[in-house]
Amino acid sequence: MKRPILIHPDPRLKKHCDPVADLSDDLRKLADDMLETMYDAPGIGLAAPQIGILQRLIVLDCVKEEDGPARPLVMFNPKVVASSDEINVYEEGCLSIPDQYAEVTRPKMVQVQWIDQSGNEQSEEFDGLWATCVQHEIDHLDGKLFIDYLKPLKRQMITRKMQKLKRERART
Ligand code: K1U
Ligand code: ZN
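Residues numbered from 1 in each chain as written. Chains lettered and ligands numbered in written order. Predicted model: local features only at pLDDT ≥ 70, side-chain atom pairs only at ≥ 80, totals over all residues. Heavy atoms only, no water.

Visitor: I'd like a description of the nonpolar core, backed by residues and values.
Guide: Of all hydrophobic cores here, the largest spans 17 residues; its most connected members are Ile-58, Leu-60, Met-75, Val-112, Phe-126 and Val-134. Those elements that provide at least two residues to this core are strand 2 (57–60), strand 3 (73–83), strand 6 (109–115) and helix 2 (128–141). Top contributing element to this core by residue count: helix 2, with six residues. Discounting residues that sit within four places of it in the chain, Phe-126 has contacts with Arg-71, Leu-73, Met-75, Lys-108, Met-109, Val-110, Val-112, Trp-114, Ala-131 and Val-134. Residues Leu-27, Ala-31, Leu-35 and Val-74 belong to the second largest nonpolar core, which totals 14 residues. (Core = buried A, V, L, I, M, F, W, Y, C linked by side-chain atoms within 4.5 Å. Buried < 20%, exposed > 50% of the residue type's maximum accessible area, 1.4 Å probe, protein only. Helix = DSSP H or I, 4+ residues; strand = E, 2+ residues; numbered from the N terminus. Contact = heavy atoms within 4.5 Å.)

Rendered as structure tokens:
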């Protein structure tokens, strides 16, 4: 089932999310709903707070259609355990901040640990777009948006555009 995506500014997007304690069928179904919502948007990632659920769960798939089969990843309690000194600059977007893009600097490579949908512990090193995306999604779990990396004036400009968008959407 597709879920509606919250648009910034929304207090739920600024909250620190709680760790997932036990994997239940409801949580597995939630992960499936998030993948469906992400692919439909379309996007390459989605974090639970973006659909109003304040738990540490993200999904991502950074495989471009032309590059091969999809690789949906579901991560419960994801944690960056190591980061490279080398950095990467990527023009990021966010499904909670539609049509706004800005360059963000982050570590180029990260080692991430998480629990998968079967309850198994996983660990993998991510590079390039995967590394950017997984860091962007884990930031969501800590109430941080990509615009928080920007200068205050630029952030304010984007926030005002989103307030206007929300007013317009509420009228229709
Ligand atoms: O978290 C989100 O809001 C999803 C976001 C993830 C992301 C994008 C770019 C850099 C870092 C993280 C998106 O998916 S925005 C949409 C997007 O980037 C995209 C959409 C369709 C095809 C390819 C990319
Ligand atoms: Zn986002």
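Visitor: Give a detailed account of the state of the cysteines, specifying residues and quantitative values.
Guide: Covalent bonding between the sulfur atoms of two cysteines defines a disulfide. Summed over the entire model, instances satisfying the criterion amount to zero disulfides. With no disulfide partner, Cys-62 has as its closest neighbouring cysteine sulfur the one in Cys-133, 3.9 Å distant. (Disulfide = S-S within 2.5 Å.)

Visitor: Kindly report on the side chain of Thr-159, identifying the contributing residues and their values.
Guide: Inspection of the secondary structure assignment puts Thr-159 in helix 3 (residues 152–171). Among the residues examined, Thr-159 registers a relative accessible area of 15% and is labelled buried. Those residues in contact with Thr-159, other than ones at most four positions away along the chain, are His-8, Pro-9 and Ile-147.

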